[in-house]
Amino acid sequence: MQLTRSEMEIMDVLWEDGGELSRADFLERSAEKSWKDSSVHILLNGLLKKKAIREVGMVKRSKTFGRTFLPTMTREEYFANTIFSHRHKPEMVGLLKALMQRPEMTEEVKEELRKML
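Conventions used here
- All chains use their own residue numbering, which begins from 1 and follows the written sequence.
- In keeping with the model being predicted, local features are shown solely for residues with a pLDDT of at least 70 and side-chain atom pairs are shown and tallied solely at 80 or more, while totals for entire chains, interfaces and linings include all residues.
- Side-chain descriptors were evaluated using all non-hydrogen atoms of the structure, hydrogens and water having been removed beforehand.
- Under the DSSP-based scheme used, a helix requires at least four consecutive residues in state H or I and a strand at least two consecutive residues in state E, with every element numbered from the N terminus.
- A radius of gyration in this sense is built from C-alpha atoms; the matching globule rule multiplies 2.2 Å by the number of residues raised to 0.38.
- When a residue's accessible area, from a 1.4 Å probe over protein chains only, is under 20% of the maximum for its type it is buried; when over 50% it is exposed; and in between it is partly exposed.
- Residues are treated as being in contact if the distance between any of their heavy atoms lies within 4.5 Å.
- Here the accessible surface of atoms and residues is derived via Shrake-Rupley with a 1.4 Å probe, and residues count as covered only by protein chains that are part of the display.
- When a carboxyl oxygen of Asp or Glu lies within 4 Å of a side-chain nitrogen of Lys or Arg, that pair is called a salt bridge.

Engineer: How should I be thinking about the overall build of the chain in this particular structure?
Structural biologist: Each helix and strand counted, the chain has 6 helices and 3 strands in total. Listing each helix as α and each strand as β along the chain from the N terminus yields α-β-α-α-β-β-α-α-α. Relative to a compact globule of 117 residues, whose C-alpha radius of gyration would be 13 Å, the chain shows 18 Å and is clearly more extended. By principal-axis analysis of the C-alpha atoms, the chain measures approximately 55 × 30 × 25 Å. Looking at the chain as a whole, 27% of its 117 residues are labelled buried. Here the analysis covers contacts within the chain between residues at least 6 apart in sequence; of these, 49% occur between residues at least 24 apart. A total of about 8400 Å² of accessible surface is found on the chain, and carbon and sulfur atoms cover 55% of it.

Written out as structure tokens, the structure reads:
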């Protein structure tokens, strides 16, 4: 599954919040967005179609009801799926070696990964 930049912005809001969100919640929490407020429903429907999010309930906002959504996967699961959904899949050992050499990898994280392996 490949997500557009705008869809990733929606997913980031969901992942960072951790709870179920409505259309109005996305508008309130999306300060730096590349999409217009009027297109949030299009983005949500696209994410539903791609099965990146799921509808989990309804919430009343003033006089209307709106659907609420949750992600179907974590941020890490999305990126793991993205890496291996390309035609040119990386070799696993080479990928892990490259990740271990990244400056973002702290010794604590490296040790945790060693224990997992």
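Engineer: Please explain unusual backbone geometry as it appears in this structure.
Structural biologist: The phi torsion of most residues other than glycine is negative, and most of the peptide bonds are trans. Backbone geometry places Lys 51, a non-glycine residue, at a positive phi of 65 degrees. In this structure, Lys 51 sits in the loop between helix H3 (40-49) and strand E2 (53-61). When its relative accessible area of 60% is taken as the criterion, Lys 51 is described as exposed.

Engineer: Please explain the pattern of salt bridges as it appears in this structure.
Structural biologist: As a working rule, side chains carrying opposite charge can pair if their charged atoms are close by. Counting across every chain of the model gives 10 salt bridges. Here Lys 50 ties to Glu 7 by a salt bridge, and the two come within 2.7 Å at their closest N and O atoms. Highlighted residues: Lys 50 in the loop between H3 and E2 and Glu 7 in helix H1 (residues 5-17), separated in sequence by 43 residues. Taking the relative accessible area as the measure of exposure, Lys 50 reaches 32% and is therefore partly exposed. Here Arg 75 makes a salt bridge to Asp 12, at a shortest N to O gap of 3.1 Å. Of this pair, Arg 75 sits in helix H4 (residues 75-85) while Asp 12 sits in helix H1; the two residues are 63 residues apart in sequence, bridging distant segments of the chain. Members of the salt-bridge network, linked through shared partners, are Asp 12, Glu 16 and Arg 75.

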